[in-house]
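What the coordinates show
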Amino acid sequence: MPVESLEKRTVEVLALPAAVDEELLFLYFENKRRSGGGPLVSVEKKGDRAILVFEEAEAAAQVLSKGHHVLHNVELSVRKLASKDPCRLLLRGINPNTSTEMIELYVENMMGLNVPDYALYPSPGRDFILIHLSQPFSKDFQNLSAKISKRKLDGAMVTLEQTEQTDSVLVENLRPGTASDMLTLYFESERGGNQKVKEVTMLSEGK
């Protein structure tokens, strides 16, 4: 089975009810009449989402084209697996008290980078850091991830993760009553980035 076809054979299922387990997903998505799918290689459930890998890319395409999938009277959202961002990686499990200089040295040594090659963006709690690369990541991620998981940083076991590419941003601290149209106008203006906005979804007041 060619490795390059893995992305085409993989789909992601969102908004899964808690009662739906991996066995039920196997049965439903291998049932061609019900889901349009076919034989599965694996099903991995993570919270309310699951990653399905089919034996054939055609089965994955049929599942995606069907669009309407219902389990336990709940409509599931099925989409292509998001591509990995080649310029952003997450370093998790960092000791919040570890100095920025030590983290920089660790990243440079483990990943073979120089100062102009990357920028670090710590989370508010400083327990994980976004590594933003100036060039797309070209090394074997699995080997690098295994290497990092064996090498502590300031006494802490850290892990390296790939991030998904996204076409969305989260906007917080909005004034109460801010309309979605106002956000569209702002982000499509020169001040907001001058980019076409496809959709605005208000999550809660101010967000």
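Placed above this text is the structure.
These numbers were taken from a predicted model, which means no experiment stands behind them. (Residues numbered from 1 in each chain as written. Predicted model: local features only at pLDDT ≥ 70, side-chain atom pairs only at ≥ 80, totals over all residues. Heavy atoms only, no water.)

**Notes on the pattern of salt bridges**
Inclusion rule: The term salt bridge refers to a pairing of a side-chain nitrogen on Lys or Arg with a carboxyl oxygen on Asp or Glu at a separation within 4 Å. Three labels apply to residues, based on accessible area from a 1.4 Å probe with only protein chains included: buried if under 20% of the type maximum, exposed if over 50%, partly exposed otherwise in between.
As enumerated under the stated definition, the model contains eight salt bridges in all. Two residues, glutamate 44 and lysine 46, come together in a salt bridge whose shortest N-O distance is 3.9 Å. On the basis of relative accessibility, which here comes to 43%, the residue lysine 46 falls in the partly exposed class. Salt bridges sharing partners connect three or more residues here, namely Glu12, Arg49, Arg79 and Glu164.

**Focus: the nonpolar core**
Selection rule: Residues belong to one nonpolar core when they are buried, are Ala, Val, Leu, Ile, Met, Phe, Trp, Tyr or Cys, and are joined through side-chain atoms within 4.5 Å. Helical segments are the DSSP runs of H or I of at least four residues, strand segments are the runs of E of at least two, and each set is numbered from the N terminus. Throughout, a residue-residue contact means that at least one pair of heavy atoms, one from each residue, lies within 4.5 Å.
Core analysis: the largest hydrophobic core is formed by 21 residues, its most contacted members being Leu91, Val107, Met111 and Ile131. When residues of this core are traced back to their parent elements, those giving at least two are strand 6 (84-92), helix 4 (100-111), strand 7 (118-122), strand 8 (128-133) and helix 5 (141-149). Here the element with the most residues in this core is helix 4; it accounts for five residues. Residues within four places of methionine 111 in sequence aside, it is in contact with Leu89, Ile131, Leu133, Phe137, Lys139 and Leu144. Within the second largest apolar cluster, 18 residues are counted, among which are Leu40, Ala60, Leu71 and Leu76.

**Here's the deal with the sheet that holds strand 7**
Rules: Should DSSP find at least two bridges between two strands, the strands are regarded as paired. Axis geometry follows a simple rule: fit a line to the C-alpha atoms, using only the stretch in contact for helices, then measure angles between N-to-C directions, giving values from 0 to 180 degrees.
As summarised here, the arrangement of the four strands in space is 7-8-6-9, forming an open sheet in which the pairing is antiparallel. Single-partner strands in this sheet number two, and they are strand 7 and strand 9 (159-164). Going across the sheet, the axis of each strand differs from the next one's by a mean of 30°, ignoring polarity. As defined by bridge partners, strand 6 adjoins strand 8 across five bridges and the pair is classed as antiparallel. By the bridge assignment, leucine 89 is partnered in strand 8 with isoleucine 131. The strands touched by helix 4 within the sheet are strand 6, strand 7 and strand 8, with strand 7 carrying the most contacts at an inclination of about 135°. Across the face of the sheet, helix 5 comes into contact with strand 6 and strand 9 while running at roughly 145° to strand 9.

Purely geometric numbers; function is a separate question.
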